[in-house]
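Chain residues, written in single-letter form:
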Amino acid sequence: MAYPGDVYSSKCSARDALALISGKWVMLILPALAQRPMRNGELLRRIDGISQKVLTQTLRQLERNGLLERLDLSEKNQAHVEYRLSTVACSLVETLTALDKWAEYHFPELDAARERYDADRGREAD
């Protein structure tokens with residue numbers, strides 16, 4: 001199957017897609033929403049460390065790019081909005097979840113390598 005884009009070309013908007021999905025918060029929001037649709041506050045509690053402002057900006061960006069659907073389920077006098085993955089996002093979540101699992105499994109090795117590197121560079125500065 002031929003692909004319509006070439007991420008190595010500076011003119012290809014597939015790079016925009018890579019920039020979007022490689023963001024730290026996107027890589028956490030999409031797998032969280034793969035579990036079930038969630039409200040803003042639920043996502044805020046689920047994703048430790050994200051601010052309300054950044055969550056809102058990221059949700060809007062994902063919706064604009066067709067990765068999320070915003071569902072307005074408001075009732076009388078009560079706003080109720082949920083976010084769920086679009087079909088195209090569902091095709092991406094398995095990959096992002098694998099990256100999350102990889103990071104959870106290998107972070108001790110990365111931490112140790114960073115400490116060794118910093119210790120070596122500290123000795124060079126002396």
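Just so it is clear, the model here is predicted, and its values are computed rather than measured.

Chemist: Explain the side chain of Asn40 here, please?
Modeler: Tracing the chain through its elements places Asn40 in helix 3 (residues 40-46). Here the side chain of Asn40 touches Gln52 through a polar contact of 2.9 Å, side chain to side chain. With residues up to four places along the chain from it excluded, the contact list for Asn40 reads Gln52, Leu55, Thr56, Leu59, Val81 and Tyr83.

Chemist: Any chance you could explain the nonpolar core here in plain terms?
Modeler: Soluble, globular proteins show a tendency: their nonpolar side chains are buried together. Counting 25 residues, the largest nonpolar core has Ile29, Leu30, Leu33, Leu43, Leu62 and Leu68 as its most contacted members. In terms of residue count, the dominant contributor to this core is helix 2 (residues 26-35) (six residues). Ignoring any residue separated from it by four or fewer positions in sequence, one finds Leu30 in contact with Leu62, Leu67, Leu68, Leu85, Leu92, Val93 and Leu96.

Chemist: Help me understand the UniProt feature "domain: HTH hxlR-type" (unreviewed entry) in the protein chain in this model?
Modeler: Per the UniProt record, "domain: HTH hxlR-type" (unreviewed entry) is found at residues 12-111. Helix makes up 63% of residues 12-111 and strand makes up 12%, while its end C-alpha atoms are separated by 35 Å.

Chemist: Would you mind going over the environment of Asp111 with me for this structure?
Modeler: Position of Asp111 relative to the elements: it lies in helix 5 (residues 87-125). Take Asp111: its relative accessible area is 27%, and that puts it in the partly exposed class. Considered as a pair, Asp111 and Arg45 are 66 residues apart in the sequence and their alpha carbons are 26 Å apart.

Chemist: Honestly, the side chain of Thr58 in this entry has me stumped. Any pointers?
Modeler: With respect to the helices and strands, the residue Thr58 is situated in helix 4 (residues 52-64). Residue Thr58 is classed as buried on the basis of its relative accessible area, which comes to 8%. Setting aside anything within four residues of it in sequence, one finds Thr58 in contact with Trp25, Val26 and Ile29.

Chemist: Just to check I follow, could you spell out the sheet that holds strand 3 (residues 81-85) for this structure?
Modeler: Paired through backbone hydrogen bonds, the strands of a sheet run either parallel or antiparallel to each other. Read across the open sheet, the three strands follow the order 1-3-2; overall the sheet is antiparallel. Taken across any chain shown, the strands that pair with only one partner, and hence form the sheet edges, are strand 1 (38-39) and strand 2 (68-72). Where strand 1 and strand 3 come together, two bridges link them in antiparallel fashion. Its bridge partner being in strand 3, Arg39 is matched across the sheet by Glu82. Running at roughly 100° to strand 3, helix 2 makes contact with strand 1, strand 2 and strand 3 of the sheet.

Basis of the calculations
- Residues numbered from 1 in each chain as written.
- Predicted model: local features only at pLDDT ≥ 70, side-chain atom pairs only at ≥ 80, totals over all residues.
- Heavy atoms only, no water.
- Helix = DSSP H or I, 4+ residues; strand = E, 2+ residues; numbered from the N terminus.
- Polar contact = N/O pair within 3.5 Å; in protein donor to acceptor, adjacent residues only side chain to side chain.
- Contact = heavy atoms within 4.5 Å.
- Core = buried A, V, L, I, M, F, W, Y, C linked by side-chain atoms within 4.5 Å.
- Buried < 20%, exposed > 50% of the residue type's maximum accessible area, 1.4 Å probe, protein only.
- UniProt positions renumbered as here; feature names shortened; annotations may be inferred.
- Pairing = 2+ DSSP bridges.
- Axes fitted to C-alpha atoms, helices over the stretch in contact; angles between N-to-C directions.

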